[in-house]
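# Structure at a glance
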Amino acid sequence: MRKHQGVAAFTTMAMSAGVALALAWASAIPALAAGGVLRARFNADIRSTDPGTNRDANTDGVMGHVVEGLVAFREDTSIGPMLAESWEISPDGKIYTFHLRKGVKFHNGAIMTADDVVWSFKRWLDPATQWRCLSEFSDTGITKILGVDATDPQTVVITLERPTALLLGTLARPDCGQTAILNRDSLTPDGKWREPVATGPFKLGEWKRGQYVDLIRFDDYVSRTEPRDGYTGAKKVEVDKVRVNIIPDSSAAKAGLLSGSLDIINSLSVPEVEELKSHAEVKLSITPALGLTGILLQSNDPLLKAVRIRRALALSLDTKEIADVVMQGTARANNSALPIGSPFHGPVEDQGYTQDIAQARKLLAEAGYKGQPIKMIANKRYSFVFDSAVLVQAMAQAVGLKIDIEVLDWATQLDRYSKGDYQAMAFVYSARLDPSLSFEMLTGPKATQPRKVWDNPEAQEMLRQSMLTIDTAKRQALFDEMHRRFIADVPMIVLFNGSELAALRNNVKGYAGWLYPQPRFWGVSLQ
Amino acid sequence: MLGYLVRRLAMTIPTLLLVAITVFALIRLIPGDPVQVMLGDSTDPAQVEQLRRQMGLDQSIPVQFGYWLAKVAVGDFGHSITNGLAVLPLILERFQVSALIVLVAVTIAACVAVPAGLIAAWRQNSATDLAITAGATLLLSIPSFWLGLLLLLLFGLKLKWLPVIGYVPFSDNFGQAMAFIVLPIATLAMIEIGALTRMSRASSIEVLRLEYVTHARAKGAPEWRVLGRHVLPNAFAPTWTLIGLILGHLLGGIAVIETVFTLPGLGRLLVDSIFARDYPVVQGCLLFTAVIYVVVNLIVDLCYPLFDPRVAAE
């Protein structure tokens, strides 16, 4: 018996020693927090350091700190100056003359001149660069750029084939890499991409793939003087470095924030916001965003081609309640393709669908609806999309519409979306900063662009007009009319524009979200 | 022995080819297009075509497979669709992280489980046995992500002893590197202790009933010698096989742990690549995992004679 005890005692001792060793390691770990380093979280790695080419939303978000273009988006989605001090547009709308700011430095110390702007545009417009926005300046795009010339070291002239309302907006688009002005050192001598040598407030530091990207303060940054405004205005960097940690799992990110390993986490889901509210060491930043969540209805479908059925579905919904429940009060309902924050979203765009059960039932009866099931695709990558689908299903049931939800992974849903292969789908569109582009993502001929949800030739013509005219009042009238027809045709039921939800530790000062769902790390300090 | 080794190695070739074909076909059969995922909701048809051509996805699937196989045969696993990096170095870099965690965790699990199983068997039906068996069953039935999260909450958030996110290679800073991998290793080790203890107990009970054990005791051999010299080596063989299986299984299925603890390992690479439909990386990861599985089990089989001389005799 004593021998038995001996073996058991030995095992216990070995296990205790193991635990003690682990604890000794734990207590020997130095504190990981470092002064002057802001630790943020992105949910996926960036694709490359080459903005506007091999990119996605996260790439745009990181590169938005490193590169700058001639113009940039303000917080109200209007266009403001960035590297250009000012510009004039010729009366025929075809010649843009940009006057550059003086003394702006690249990350390698060189002073930016008109020559750099011409070189950068030449690179963007070269098909070999594979610029995402090159197609906008092709035969089928908004207009053609006929020439980019430097008339003196501070002046650049861009000549267009035809006038457009979208030139400045396109140049400023984050997904176009803000049409960044780059130094030649960004490329290797044989013309390959090396890294962005640009003018932004941060230089690119170490990129440890799958783990983190460092943004290092650019000490010679020449800031604008106006207050911070979207991607323009003053960009004063208050920290030495920003480490953007790549953490796909949101629970891990939340744990990181609560334990003090992270200072900012963005792109939170609504339930996480609710949960974080109870933690005193954390504060929340809730900002309306431009993304658009709604239900797409396939008008080529034998059942849903009947506008009365589509309309009945719209009238069965209380969109305000859906927005309130799904977004827990962080977002407002909106039935318009134009987001609430857009300067073009006016009283006309506020007119949407009002829940009317009796009318919905009547429409269904007139359309001869016999309870045929409608399959609606949703995904769980975006929890608010799935939650919206569930509420729509429940509300539609009240008028007798039978909806079955099919949950797919995001890649599969995107595939079905782009082929137009669905009856109905709960979907989210990313932010479009110009109202023409908001309609462009929905409107088009299904025969050649099956992803388009709204195939109305008159709307397409109005959209074309809205892209050509620079006159704001004329554009507003076009958008108002398009909105009325969009509501009447019911190709899609817009439910709400989302919110950008971020959580920060209390010592983070100066952080502010904006309509565009990307964080800005300038103007942010640690106290 | 050499003939056995050659035969075993030759057998792996058709296995790997089958894995390659299955992986290649399966990933392309599931709907979802890498080009769509890259471009999101804004897809210009001309741009889609250009990107597809650039990635070689405009070719027929057999042609794509042929190209891929020809390249894999010379060690070129192609380049990632999403970030353009060479796949093999990417896999090897991530594999180091996963391999370290899995190897250490399984070693710890074996060091705890084998003696625990032996003790339980030796004291069969006693309170000790009951406690060990119940503990093993409990550990076996806890989902690894849940246990991981619990440990994270306790040591990371409540006690603040360990960092909850991130990873530092050992070459950079040993202390910090340890801090980052203690919890994932503990989680995996605890989960595997359950299975290994049960296996060790079962095989020990079998051996304890054999005549030579009775014979050894009758000769007056001390109990520690009976257990250590006669029971343990013979009872260890089935456990050793299980360790081989667990190693392969863990390397393939470590994604959950890597996600919970934000470790840049092979499992997370695979999962991220599946969601992005990054075909070359998914194929590379799966083929690599299959090779590792085969190699680990080959090593296990080759080590078998060390524990069980009967195998060598056969």
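Look up: the structure comes first, before these words.
Computed from a predicted model, the values in this text were never measured in an experiment.

### Let's talk about the pattern of salt bridges
Residue and element names in this part refer to chain A.
- Under the definition given, this model contains 39 salt bridges over all chains.
- Across the pair Lys192 and Asp190 runs a salt bridge whose closest N-O atoms are separated by 3.7 Å.
- In this structure Asp190 comes out as exposed when scored by relative accessible area, which is 58%.
- A salt bridge links Lys241 to Asp214; its shortest N-O distance comes to 3.5 Å. Taken together, the residues Lys241 in strand E10 (residues 241–246) and Asp214 in strand E9 (residues 212–217) connect sequence positions 27 residues apart.
- For Asp214, a relative accessible area of 3% corresponds to the buried category.
- Each member of the salt-bridge network shares a partner with another, and the members are Arg132, Glu136, Arg173 and Asp175.

### Focus: the interface of chain A and chain B
- If you look at the interface, chain A gives 46 residues, while chain B gives 49 residues.
- When the two sides are added together, the surface that chain A and chain B hide from each other amounts to roughly 4300 Å², 61% of it contributed by carbon and sulfur.
- Between Asp409 of chain A and Arg277 of chain B there is a salt bridge whose closest N-O contact spans 3.1 Å.
- The interface formed by chain A and chain B contains seven residue pairs in polar contact (both at pLDDT 80 or more).
- When residues of the side of chain A that touches chain B are assigned to their parent elements, the largest contribution, eight residues, is made by helix H1 (residues 2–28) of chain A.
- For the side of chain A that touches chain B, the per-class residue count stands at 23 nonpolar, 13 polar and ten charged.

### As for empty space enclosed by the protein
- For the structure shown, the criterion picks out two cavities of 30 Å³ or more.
- Computed from the structure, the largest cavity encloses a volume of approximately 40 Å³.
- Lining the largest cavity, in full, are Pro163, Val164, Ile165, Gly166, Ala179, Phe180, Leu183, Pro184 and Phe261 of chain B.
- Residue classes in the lining of the largest cavity are distributed as eight nonpolar, one polar and no charged.
- Estimated volume of the second largest cavity: approximately 30 Å³.
- In terms of lining, the second largest cavity is formed by Leu290, Leu292, Ala337, Pro339, Ser430, Ala431, Arg432, Ser438 and Met441 of chain A.
- Split by residue class, the lining of the second largest cavity holds six nonpolar, two polar and one charged.

### Side note on the sheet that holds strand E16 (residues 492–505) of chain A
Residues and elements named next belong to chain A.
- What the ten strands build is an open sheet, ordered E8-E9-E10-E1-E11-E16-E12-E15-E13-E14; its pairing is mixed. The sheet is open, and its two borders are formed by strand E8 (202–208) and strand E14 (403–407), each paired with just one other strand.
- Examined bridge by bridge, E9 and E10 share five bridges and lie antiparallel to one another. Opposite Ile216, over in E10, you have Lys241 as the bridge partner.

### Observations concerning the packing of aromatic side chains
Residues and elements named next belong to chain A.
- Scanning the model with the defined rule gives 26 aromatic pairs over all chains in all.
- Summarising the aromatic geometry, the rings of Tyr417 and Phe427 are spaced 4.3 Å apart at their centres and angled 20° between planes, so their arrangement reads as stacked. Residue Tyr417 is found in helix H12 (residues 410–419), and its partner Phe427 is found in strand E15 (residues 424–429); the two are separated by ten residues along the sequence.
- The class of Phe427 is buried, set by a relative accessible area of 0%.
- Grouped by ring-pair contacts, the aromatic residues Tyr382, Phe384, Trp410, Tyr417, Phe427 and Tyr429 constitute a single cluster.
- Of note, Lys235 hangs over the ring of Trp522, and the distance from its end group to the ring centre comes to 4.8 Å.
- A cation over a ring is seen here: Lys380 above Phe386, with NZ or CZ 4.5 Å from the ring centre.

### Digging into the sheet that holds strand E6 (residues 145–152) of chain A
Residue and element names in this part refer to chain A.
- The antiparallel open sheet is built from four strands, whose spatial order is E4-E5-E7-E6. For this open sheet the edge positions go to strand E4 (84–89) and E6, each flanked by a neighbour on one side alone. Looking at each pair of strands side by side, their axes are set apart by 20° on average, direction ignored.
- By the bridge criterion, five bridges tie E4 to strand E5 (residues 95–100) in an arrangement that is antiparallel. The residue bridging Ala84 from the neighbouring strand is Leu100, located in E5.
- The strands touched by helix H3 (residues 114–125) are E5, E6 and strand E7 (155–160); relative to E6, the strand with the most contacts, the crossing angle is about 165°.

### As for a nonpolar patch on the surface
Residue and element names in this part refer to chain B.
- Among the surface-exposed residues, Phe145, Trp146, Leu150, Leu153 and Val256 lie close enough to one another that they form a single nonpolar patch of about 450 Å² accessible area.
- When residues of the nonpolar patch are assigned to their parent elements, the largest contribution, four residues, is made by helix H7 (residues 144–158).
- Residue class for Leu153 comes out partly exposed when judged on its relative accessible area of 44%.

### Considerations on the packing of helix H14 (residues 457–468) of chain A against helix H15 (residues 472–489) of chain A
All names here are of chain A.
- In the contact formed by H14 and H15, the axes pass within 9 Å of each other and the chain directions differ by 160°. Considered as vectors, H14 and H15 are oriented roughly antiparallel to each other. Considering the relative orientation of H14 and H15, their crossing is left-handed. Of the residues in H15, those in contact with Glu458, Ala459, Met462, Leu463, Gln465 and Ser466 of H14 are Arg475, Leu478, Phe479, Glu481, Met482 and Arg485.
- Residues that form the contact of H14 with H15 fall into these classes: six nonpolar, two polar and four charged.

How each quantity is defined
Residues numbered from 1 in each chain as written. Chains lettered and ligands numbered in written order. Predicted model: local features only at pLDDT ≥ 70, side-chain atom pairs only at ≥ 80, totals over all residues. Heavy atoms only, no water. Salt bridge = Lys/Arg side-chain N within 4 Å of Asp/Glu carboxyl O. Buried < 20%, exposed > 50% of the residue type's maximum accessible area, 1.4 Å probe, protein only. Helix = DSSP H or I, 4+ residues; strand = E, 2+ residues; numbered from the N terminus. Contact = heavy atoms within 4.5 Å. Buried area = accessible area lost by both parts, 1.4 Å probe. Polar contact = N/O pair within 3.5 Å; in protein donor to acceptor, adjacent residues only side chain to side chain. Nonpolar A, V, L, I, M, F, W, Y, C, P; charged D, E, K, R; others polar. 1 Å grid on protein atoms, 1.4 Å probe; cavity = no way out; pocket = protein on both sides within 12 Å on 5 of 7 lines; lining within 4 Å. Points joined across faces, edges and corners; volume = space filled by probe spheres on them. Pairing = 2+ DSSP bridges. Phe/Tyr/Trp six-rings, centres within 6.5 Å; stacked < 30°, edge-to-face > 60°. Lys NZ or Arg CZ within 6 Å of the ring centre and 35° of its normal. Axes fitted to C-alpha atoms, helices over the stretch in contact; angles between N-to-C directions. Patch = residues over 30% accessible without salt bridge, like charges linked within 9 Å, V, L, I, M, F, W, Y side chains within 5 Å. Areas by Shrake-Rupley, 256 points an atom, 1.4 Å probe, with all protein chains shown as cover. Parallel < 35°, antiparallel > 145°, perpendicular 65-115°, else oblique. Left-handed = near helix turned anticlockwise from the far one by under 90°.

So yeah, pure geometry; function would need other evidence.
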